[in-house]
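Observations on chain architecture
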Amino acid sequence: MAVAALLPTLTVLAQGTVDDYKRANSIRGKYSWKMTNGDVQMHRKGDEHVFWYSVWNGDSTVYKEVNAETGEVTLLPGNPEPPRQRGGWRGPQRHWMEVPDEKDGFPMSPDKKIAIIHKDNNLWIQELSEQAANGQTPPEDWKAEEHQRPLTTDGDSTYYYSVWGSFSEDGRYFATVKIKPAPKHYVYYVEAAPNPRRGGEVRGMSNHPNTSTSVGRTEQWNTGGGVRGIQPVLHRQEYAKPGDSLNIRIPVIVEVATGRVIAAPYDELVPQYDVSRPEWNKDGKSVHFEFNERGHHTYRLLEMSAETGKMRTLVEEKNDKYVNYGRLYRHHFKDGKRLLWTSERDGWNHIYLYDKEKAKLIRQLTKGQFYVRDILRVDEEKGVVYFSANGPTGLRQNEQEDPYFIHFYKVGLNGKGLTCLTPEEGNHKATFTSDMRYMTDTYSTVTTPPVSVLRDTKDGHIIKTLETANIDRLVAEGWTAPEVFVAKGRDGKTDIWGLIRRPSNFDPTRKYPVIEYIYSGPGDQYVPKSFSSSHYYLDGLAELGFIVVQMDGMSTSFRSRAFEEVCYKNLKDSGFPDRIAWIRAACAKYPYMDVDNVGIYGCSAGGQEALAAVLFHGDFYKAAYAACGCHDNRMDKVWWNEQWMSWPVDSSYVECSNVENAHLLERPLMLVVGEQDDNVDPASTMQVADALIKAKKDFELVVIPGAHHTMGEDFGEHKRYDFFVKNLLNVNPPKWQDLK
């Protein structure tokens, strides 16, 4: 009773009004980056101990040069970087889902007397004239047939040679792969209302009348001046999905003088997800390549003899869940005897030094509860590795700071001398001189504006403060930073970090529904960590009368491996037990946040997760807006889904499917899809819609003609506003014509 008496009386006032909508629609342009004086864009000047940067001074962009040795800052008369020249037409771009056939290329021998070309599924030698070798004749003259001869003869359409290879340093061998091509999986798109104002055809897709793969357009345009085409256009896009057959790549080494082919043992490299292109070792007697086993439980760095084809393992990563191969890094030392490698094998991403000749670990260079993000430089002469990392390391001044903040470090190859070069609290971005002698560092947090400094990399001490951003103009306009909020996750121990965005007219006596913006899953962390004048996915929606939140729960990246591995064969988890605990904790602290009135929205993986929230956690989440979701992982791209859901495709895919679980829907839902989404197959959304219809569930479906992978564009954003106003505020949204 006494506690209740101290709390403000919470009232429900008019929200979702015309004025709220107008404020929501205008707020994105209200708080401009130009109101943040001192936000720096830093560059290195060649190989000198000099930096230059651009900075907004409140009225215009100015350019300054920094002498790192003296700390002197000089105002420049203009932009020292010349404008970039636009290149000529290069033909259609290859779509990121398209697997190249590797039949184009023209690798030259070290002496430039011959080149390798692809012909009739084999490798051929092209003899080069002195003029051709020096680039003094046009490309068509380089390939005169009278100067061609076959190097290999056993290739055919079912197992052919890639020309994307390289010669050994002495020119004796040519290393490449032999490819056993798999049938291609295509996704088809009908562009119902062709509109050149959207940028023409879907990038990388082919216009596809019947079986044509031409990229030319065949629409008929309205000659009466209309901007839309009359007839729909059919496109198709190469798009491999989980469980599909994939190309098999077997490394081969060809002796140039004789045509003798030395191939890696086929049976030791299947089943495979991928094999990298072989690269020559320093001795020219062997190549190394990486083998990623299908299912991602095993990943090996292999070495293969040019003489015998015998393979040996230099480094092996094994995990019963998955090897996070996208995080692996390797550096081969110039002496050919050592190798630097990164791995999550001890539960965190760390740096390891290997003896290549013995294929044995020499030592682990970094260790502890922190996560190595990037290797910046391996200075072999000085015996130092420069890298970035996040997480508590025991070296910074504030051990309670956000564990996602990136800092910069160096450590000796002897495993000693670990030094934090950027100890100040904040998320850091660094630029180094070419010799790593000096660095500039810009750091900030979501709530504190950026500071840019010049540092000495011997110990990281600050030589000079270059700029300190000023946000007085932002604050004068009414800007406030979102609140950084931390609460325990599902285990009651692990900190979950997130943001709370209140409306600009926030009134603590009101009762506010809560909306979570979600993008989750492995591969990254998603809550902003650096200063910004606006947060697109939080700000506008809050103005309608909501409190909008965002957090990184378990199954996301850059904490411990165990934190991320919750996702394994379990993408439907999406950290929801952590998210619900976090929101409950926030609502307990702030009674104006309505814990019984929580909505959620997201796009792509976030779209899948938003729908999953009301399917699997409908007792907590009361409404969901799901855009372009990969609602069934069997329908989405192979490289993303097999990484976390494994291979072969099994019952876990069914258990995580929003399609298979659509019958569980009991909450308001708006599905949104871009008609031309070339990231997530639009059929994924349509299959959910079909399942919901069969289950006799009420929902809304919004299809954006011509749109690609999208949250919904302007139309969908307005629909999202109306959806939550109607279903969480329980009021009728204003008529659209009243908002013009």
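Figured I'd write up the structure that's included with this text. (Residues numbered from 1 in each chain as written. Predicted model: local features only at pLDDT ≥ 70, side-chain atom pairs only at ≥ 80, totals over all residues. Heavy atoms only, no water.)

The relative placement of two aromatic rings is captured by the distance of their centres and the angle of their planes. The final tally for this structure, using the stated rule, is 32 aromatic pairs. Relative to Tyr325, the ring of Tyr299 lies with its centre 6.3 Å away and its plane at 10°, an arrangement referred to as stacked. Note that Tyr299 is positioned in strand β19 (residues 298–305) and Tyr325 in the loop between β20 (311–318) and β21 (330–332), a separation of 26 residues in sequence. The exposure class assigned to Tyr325 is partly exposed, which follows from its relative accessible area of 22%. Centre to centre, the rings of Phe576 and Tyr621 are 5.6 Å apart; their planes meet at 70°, and the pair counts as edge-to-face. Highlighted residues: Phe576 in helix α8 (residues 576–589) and Tyr621 in strand β38 (residues 621–627), separated in sequence by 45 residues. (Phe/Tyr/Trp six-rings, centres within 6.5 Å; stacked < 30°, edge-to-face > 60°. Helix = DSSP H or I, 4+ residues; strand = E, 2+ residues; numbered from the N terminus. Buried < 20%, exposed > 50% of the residue type's maximum accessible area, 1.4 Å probe, protein only.)

According to the stated counting rule, one finds five cavities of 30 Å³ or more in the structure shown. Space inside the largest cavity adds up to approximately 100 Å³. Per-class residue counts for the lining of the largest cavity are four nonpolar, four polar and four charged. Its volume calculated, the second largest cavity comes out at about 60 Å³. Ser520, Gly521, Pro522, Ser555, Leu571, Ser574, Ala605, Gln608, Glu609 and Trp640 are the residues that line the second largest cavity. Across the lining of the second largest cavity, the residue classes break down as four nonpolar, five polar and one charged. (1 Å grid on protein atoms, 1.4 Å probe; cavity = no way out; pocket = protein on both sides within 12 Å on 5 of 7 lines; lining within 4 Å. Points joined across faces, edges and corners; volume = space filled by probe spheres on them. Nonpolar A, V, L, I, M, F, W, Y, C, P; charged D, E, K, R; others polar.)

With respect to the helices and strands, Glu146 occurs in the loop between α4 (139–142) and β7 (148–150). Spatially, the C-alpha atom of Glu146 lies 9.1 Å from that of Glu127, the residues being 19 residues apart in sequence.

Turning next to the nonpolar core. Counting 45 residues, the largest nonpolar core has Val549, Trp582, Ile583, Met593, Tyr621, Leu669 and Leu671 as the members making the most contacts within it. Sequence-distant contacts of Val549, that is, excluding residues within four places in its chain, are made with Leu499, Ile500, Val514, Ile515, Glu516, Tyr517, Leu538, Trp582, Ile583 and Met593. Formed by 32 residues, the second largest nonpolar core is a distinct cluster that contains Leu499, Tyr517, Leu544 and Val725. (Core = buried A, V, L, I, M, F, W, Y, C linked by side-chain atoms within 4.5 Å. Contact = heavy atoms within 4.5 Å.)

Taking 1.5 Å of rise per residue, 12 residues should cover 16 Å, and helix α9 (residues 605–616) covers 16 Å from first to last C-alpha, within 8% of that figure. Counting buried residues in α9 gives 11 out of 12 residues, a clear majority hidden from the surface. Residues of α9 that are buried in the fold lie against α8, β37 (593–603), β38, β39 (669–674) and α12 (683–694). (Expected span 1.5 Å × (residues − 1).)

Turning next to the sheet that holds strand β30 (residues 438–444). Spatial ordering of the open sheet is given by β29-β30-β31-β32, a layout of four strands whose pairing is antiparallel. Whereas interior strands pair on both sides, the edge strands pair on one side only; in this sheet they are β29 (427–432) and β32 (462–468). For this sheet, the mean angle separating the axes of adjacent strands, direction not counted, is 20°. By the bridge criterion, five bridges tie strand β31 (residues 451–456) to β32 in an arrangement that is antiparallel. In the sheet register, Val453 faces β32, and the bridge partner there is Thr465. (Pairing = 2+ DSSP bridges. Axes fitted to C-alpha atoms, helices over the stretch in contact; angles between N-to-C directions.)

Here the focus is the packing of helix α2 (residues 18–30) against helix α13 (residues 713–727). Remark: α2 packs on α13, axes separated minimally by 12 Å, with the N-to-C direction vectors making an angle of 140°. One finds that α2 runs oblique with respect to α13. Crossing angle aside, the handedness with which α2 passes α13 is right-handed. Seen from α2, the contacting residues are Tyr21, Ala24, Asn25 and Arg28; seen from α13, they are Glu717, His718, Tyr721, Asp722 and Val725. Here the residues of the contact of α2 with α13 sort into four nonpolar, two polar and three charged. (Parallel < 35°, antiparallel > 145°, perpendicular 65-115°, else oblique. Left-handed = near helix turned anticlockwise from the far one by under 90°.)

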